[in-house]
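Each chain is listed here by its residues.
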Amino acid sequence: MFKRYIFFLMVVLAFAGITACSLMGESTNGDAANSYEEKIIANDLEFARHCKVNSKGQIVTCFEAEKSRGYWYLDSEGVKSREFPYDSSESGSVFALDAQDNLYVILQKFEKDAANGNKGKYSKQLKVYNAEGTLLRSNQLENTDIADENNLVVKDIAVDSKGYIFLLMQNNTIKILDSSAREVKTIKDRHVACMDVDSSGNLVLVGYSAEMGDKVWMDVRHPLSDKMVWKAELDKSDIPLFVRYSKDGKSIYSVHKKGVVKYEPQGNSKGQFVLDFKQYSMLSFETQIISAGIDSSNNLYFLTSSSGAGAKNQCSIYKYSFVKSNGNTENQKVLTLSTIKTSRYLETAISRFQKENPGVVVRVKEFDGQMDSMVDYEKYVKVLNADILTGKSPDIINVIGLPYQRYADKGILQDMKQLMTEDKSFQLDHYYENAFEAVKYKNVLYTVPINLSFQVFAANKGMLDKVSVKVDDRKWSWKDFLDYSVKVIKASNNGNTSGQYALPNITNDEIFTFLFAGSYKKFVDTDKKASHFVSGEFIDFLNFSKRFIDENLINPMIDPGKAVYGLENLDSTAFMPMYICNFRNYLTSKELFSSGAEVFMIPSDNGNTGRVFTTNMLYGISRNSKYKTEAWNFIKFLLSDEMQSPEELGNLGFPVNKIAFKQRVQAELKQKEKISMVGNLRLKSFTQEDAVAIEGIISSLNTHTDYDLQVIKIVSEEAKLFITGEKTAEEVSGIIQSRVETYLKE
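Criteria and thresholds
- Along each chain, residues carry numbers from 1 onward, in the same order as the chain's sequence is written.
- Reporting in this predicted model follows two pLDDT cut-offs: at least 70 for local features of residues, and 80 or more for side-chain atom pairs to be given and counted; totals over whole chains, interfaces and linings ignore these cut-offs and use all residues.
- With hydrogens and water excluded, all non-hydrogen atoms of the structure serve as input to the side-chain values.
- Secondary structure elements follow DSSP: runs of H or I of four or more residues count as helices, runs of E of two or more count as strands, with numbering from the N terminus.
- The contact criterion used is simple: two residues touch if any of their non-hydrogen atoms lie within 4.5 Å.
- Between the first and last residue of a helix there are one fewer steps than residues, each counted as 1.5 Å, and that sum is the expected span.
- Relative accessibility under 20% of the residue-type maximum defines a buried residue, over 50% an exposed one, and the middle range a partly exposed one, all with a 1.4 Å probe and only protein chains included.
- Residues adjacent in sequence count toward polar contacts only when both atoms are side-chain atoms; beyond that, a polar contact is any pair of N or O atoms within 3.5 Å, and within protein one must be able to donate a hydrogen and the other to accept it.
- By convention in these notes, a salt bridge is any Lys or Arg side-chain nitrogen within 4 Å of a carboxyl oxygen on Asp or Glu.
- Strand pairing is assigned whenever DSSP detects at least two bridges linking the two strands.
- Every axis in this analysis is a line fitted to C-alpha atoms, fitted for helices over the stretch in contact. Angles between the N-to-C directions lie between 0 and 180 degrees.
- Only buried residues count toward a nonpolar core. Its members are Ala, Val, Leu, Ile, Met, Phe, Trp, Tyr and Cys residues joined through side-chain atoms within 4.5 Å.
- Assignment of crossover handedness uses the view with strands pointing away from the viewer, where a clockwise path from the first strand over the helix to the second indicates a right-handed crossover.
- Grid spacing is 1 Å over the protein atoms alone, the probe is 1.4 Å, and a cavity is where that probe fits but cannot get out, while a pocket is an open set with protein on both sides within 12 Å along at least five of seven lines and lining residues have an atom within 4 Å of a point.
- Grid points are joined across faces, edges and corners, and a volume is the space filled by probe spheres set on the points.
- Polar here means any residue other than Ala, Val, Leu, Ile, Met, Phe, Trp, Tyr, Cys and Pro, which are nonpolar, and Asp, Glu, Lys and Arg, which are charged; Gly is therefore polar.
- The pairing test for Phe, Tyr and Trp rings, Trp by its six-membered ring, is centres within 6.5 Å, and the orientation test on the planes gives stacked under 30 degrees, edge-to-face over 60, and tilted for anything in between.
- For a Lys NZ or an Arg CZ to count as sitting over a ring, it must be within 6 Å of the ring centre and within 35 degrees of the ring normal.
- Working rule for angles: under 35 degrees goes down as roughly parallel, over 145 as roughly antiparallel, 65 to 115 as roughly perpendicular, anything else as oblique.
- By definition, turning the near helix anticlockwise from the far helix through less than a right angle yields a left-handed crossing, and turning it clockwise yields a right-handed one.
- The predictor attaches a confidence to each residue, and that confidence, scored 0 to 100, is pLDDT.

Right, let's talk about the overall build of the chain for a bit. If you tally the helices and strands in the chain, you get 17 helices and 41 strands. Long-range pairs, those at least 24 residues apart, make up 62% of the contacts in the chain with a sequence separation of at least 6.

Written out as structure tokens, the structure is:
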């Protein structure tokens, strides 16, 4: 909820990042002739924490129950061969194995200072056991004062063949100890996410640094000399969870949320996507990967944690063995799905769909570039447009951020209402039909939203009550908002606006884009490919926007990204824009102000009843798809009760399925005893009144933010010259009209 709150209309920014291998990368299972055999070898490992694999192929995992802690040794089929405990007052979940299978354990314990309240220190001890469990040595490491929050605990440990010990600290630096546990160096030049050690004693690191700019790298380097051996640039939005070096295969495996990528550090820096989780059963909404290991045969092991609603935490170990496939895909129906960004929700949905529909495979093509780069985005649109307009259209297209109306005009998109009508199993009245109506183009349903979100203003009730401002958000306009804002901040300070503000720190460009989005359809007629910028209305709009900016409504001291976590004092701010995609967002908006908060829908340009929503999943089907039935079945699956009700969808938006919404409400109401915090904000329990309010908003949404980002870009660029006084409103409106007309007719 950081800067995104103001840019919900800029739908591209609703996505957190991108993953792929090119501007239009494909998420597949690597070499189609190869695959892995999946097997759950253990599923009763309650309280397991981490796992490593020793030279004998045994899986070593730490368990930490309430009254007992220790290590299990399991064979390659998950059978426990032995275990040995350690002091239950300490945490020993951070451990490593050396080449002789000696076990290096970091025992950490918080020691409270009774004389100083909650203050104290973390004691750290290194213990080394041989393969039989005999203690070889024990070394006391430097204690850490609790005031040093970033350096409290050790997150991971690795050991090389010479006995050097590498500790990944909580502040993402690495401490290097010699074989006697004396500190010899600290690597501080980068933020390290995960690490391992190769067979030559080089560190394998994933991280970033100021010198690297915004880029994330995986590199292999000598730990003491810092000599670089090999490096590869990674997607900064898909940083690996773990990195594991195969000493026998001399390969690096990076484990991501979507699957596993294999690198050959002797060769080039391009990785091969070898294991796609959505092809297997491990991928689910309830399952999280908490550790990974690899054996001498390059079998992959994943320790997972699962906890459904009301269930206790349960851990399992999945084993993936490499097998050679016969490559027979004759009877496979392969659907291609194009999207700006995939997500765990989409990947899990594909995994479930493929299990229920054997013989159908869904492959994802996604944009690879920087989401804040208009150049990268334009390249993405260009590549996708070329595919679509030359008959290479994906079967399913997530049209968010794309000029999909052009596809519809050229007869490329299927009429979705026709598919719904022909499918007797699909019940349209189970859905918020207002959302479907809002995305129609020329009265035809070419696309279907899978979820929806909306924006509100959280208002400082104390400031509004003080000057008797009553907001009717069913019909308020931006002019009303400006009048209320000026009244509130001047009345709060005897006519002087100093110290009182309407909004947190938002740039002038953001304000203008925000205002223009509400008037977009007044000046751009997508159906007729016409624009109306040379008009008195647009001149008035430009003048109003300048007045809005000149009123000094912005509080330069309030960072909105911190404010939504209760890390800023909003007592002197009247309104806070909030992006609402789940119940927690809504509850957060009600707790932002110490004097109470009211929640209002965003104003419209003229006080009409338009209520705007956005979605990051708006799917259409290619009319020429060979597998139109299968494509519809997949979209219908995304709309089903099963896929609309999981909490995971709540990270992306509210369901469009009425039954699923009610299921989500009931699940949330059952959590009323749970203490929920968002940063420093303590949220009140979700109530039936909250549910009614949110469903009322959802049922009233009637306008979709199908803005053309290129038009937004043109208008924002040129309007800036008027706002800064470099050109007149008439000059700017003429330039905008010319540029937009040219673009619309391309």
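With that settled, consider helix α9 (residues 536–550). A rise of 1.5 Å per residue sets the reference length of α9, with its 15 residues, at 21 Å; its end C-alpha atoms lie 21 Å apart and thus fit the reference within 8%. Every buried residue belonging to α9 is among Phe538, Ile539, Phe541, Leu542, Phe544, Ser545, Phe548 and Ile549, and all of these are buried. Just downstream of α9, Asn552 is the residue with a positive phi angle, here 55°.

Okay, the side chain of Asn616 next. Structurally, the position occupied by Asn616 is in the loop between β36 (612–613) and β37 (618–621). Among the polar contacts listed, one links the side chain of Asn616 to the side chain of Asn451, at a separation of 3.0 Å.

On to the side chain of Asn130. Among the secondary structure elements, Asn130 is positioned in the loop between β9 (120–129) and β10 (135–145). For Asn130, the side chain forms a polar contact with the main-chain nitrogen of Glu132, separated by 2.9 Å. In this structure Asn130 touches Asp101, Asn102 and Leu136, once residues within four positions along its chain are discounted.

Applying the stated rule across the entire model yields 32 salt bridges. Among the ionic pairs, Asp483 bridges to Arg547, the shortest N-O distance being 3.6 Å. Separated by 64 residues along the polypeptide, Asp483 in helix α7 (residues 478–491) and Arg547 in helix α9 bring together distant segments of the chain. Here Arg547 falls in the partly exposed class, since its relative accessible area comes to 34%. We note a salt bridge from Lys662 to Glu695, for which the minimum N-O separation is 3.6 Å. Of the two residues, Lys662 is situated in helix α14 (residues 658–669) and Glu695 in helix α15 (residues 688–700); the sequence distance between them amounts to 33 residues. Taken together, the shared-partner salt bridges in this structure form one network comprising Lys479, Asp483, Arg547 and Glu551.

Another aspect to go through is the sheet that holds strand β19 (residues 242–246). The four strands are arranged β19-β20-β21-β22 in an open sheet whose pairing can be described as antiparallel. Edge positions in the sheet fall to β19 and β22 (272–276), since each of these pairs with one other strand and no more. Sheet twist, expressed as the mean angle between neighbouring strand axes with direction ignored, is 25°.

Our focus in this paragraph is the nonpolar core. Grouped together as the largest cluster of nonpolar side chains are 91 residues, with contacts concentrated most on Tyr345, Phe454, Tyr619, Phe634, Ile635 and Phe654. Ranked by the residues each element gives to this core, the list is headed by helix α12 (residues 628–638), at six residues. Setting aside anything within four residues of it in sequence, one finds Ile635 in contact with Ile396, Met416, Ile450, Tyr619 and Ile621. With 54 residues, the next largest nonpolar core counts Trp476, Phe523, Leu542 and Tyr707 among its residues.

This part is about the pairing of strand β13 (residues 174–177). Of the two faces of β13, both are covered, the one formed by Ile174 and Ile176 as well as the one formed by Lys175 and Leu177. Where strand β12 (residues 165–169) meets β13, four bridges bridge the pair, whose relative direction is antiparallel. Each residue of the ladder has a partner; that of Phe166, found in β13, is Ile176. Hairpin connection, β12 to β13: the antiparallel pair is bridged by four residues, and Asn172 has positive phi, about 70°. Here β13 runs beside strand β14 (residues 183–187); their pairing, made up of four bridges, is antiparallel. Its bridge partner being in β14, Lys175 is matched across the sheet by Thr186.

In terms of residue burial, strand β26 (residues 333–339) counts as a mostly covered element, since five of its seven residues are buried. Where β26 lies against strand β27 (residues 360–367), seven bridges are found, and the strand directions are parallel. Bridge pairing in β27 links Thr336 to Arg363. This β-α-β element, β26 to helix α1 (residues 344–356) to β27, shows right-handed connectivity.

Enumeration over the complete set of coordinates arrives at five cavities of 30 Å³ or more. Every residue lining the largest cavity is counted, 23 residues in all, and those nearest its centre are Pro403, Tyr404, Gln405, Thr526 and Asp708. Of all the secondary structure elements, the ones that give two or more residues to the lining of the largest cavity are α3 (404–409) and β32 (524–525). Here the lining of the largest cavity takes four residues from α3, the largest share from any one element. Here the residues of the lining of the largest cavity sort into 12 nonpolar, five polar and six charged.

Each aromatic ring pair is specified by the distance between its two centres and by the angle formed by the two planes. In the structure shown here, the tally under the stated rule is 48 aromatic pairs. With a centroid separation of 5.9 Å and an interplanar angle of 10°, the aromatic rings of Phe481 and Phe548 are classed as stacked. Placement of the pair is Phe481 in helix α7 and Phe548 in helix α9, with a sequence separation of 67 residues. With respect to burial, Phe481 and Phe548 carry one shared label: buried. Through pairs of rings, three or more aromatic residues link up here, namely Phe457, Trp476, Trp478, Phe481, Tyr484, Phe514, Phe544, Phe548, Phe575 and Phe600. Looking at Arg82, its charged tip hangs above the ring of Tyr73, at a distance of 4.0 Å from the centre. Note that Arg406 overlies the ring of Tyr743, its terminal NZ or CZ placed 4.7 Å from the centroid.

Right, let's get into the sheet that holds strand β6 (residues 80–86). With antiparallel pairing, the four strands of this open sheet are ordered in space as β3-β4-β5-β6. The sheet is open, and its two edges are formed by β3 (48–53) and β6, each paired on a single side. Taken over all neighbouring pairs, the strand axes of this sheet differ in orientation by 20° on average, direction set aside. Two strands pair when backbone bridges link them, and β3 and strand β4 (residues 59–64) are joined in this way by four bridges, in the antiparallel orientation.

For the rest of this paragraph, the subject is the packing of helix α16 (residues 709–723) against helix α17 (residues 729–744). Interhelical geometry of α16 versus α17 gives an angle of 165° and a closest axis separation of 9 Å. The orientation of α16 relative to α17 falls into the category roughly antiparallel. The chirality of how α16 crosses α17 is right-handed. On the side of α16, the interface is formed by Gln710, Val711, Ile714, Val715, Glu717, Glu718, Ala719, Leu721 and Phe722, while α17 contributes Ala729, Val732, Ile735, Ile736, Arg739, Val740, Tyr743 and Leu744.

Where α14 meets α15, the closest approach of the two axes is 10 Å, and the angle between their N-to-C directions is 155°. By the angle between their axes, α14 is roughly antiparallel relative to α15. The two elements α14 and α15 meet at a crossing, and its hand is right-handed. Taken together, the residues of α15 that come into contact with α14 (itself represented by Phe661, Lys662, Val665, Gln666 and Leu669) are Gln688, Ala691, Ile694, Glu695 and Ile698. A per-class count over the contact of α14 with α15 returns six nonpolar, two polar and two charged.

This part covers the confidence of the model for the chain. Low pLDDT means the predicted atomic positions in that stretch should not be read closely. Scored by pLDDT, the chain comes out at a mean of 85, with 88% of its residues at no less than 70. When mean pLDDT is compared element by element in the chain, strand β29 (residues 448–449) scores highest at 98, while strand β1 (residues 24–27) scores lowest at 41.

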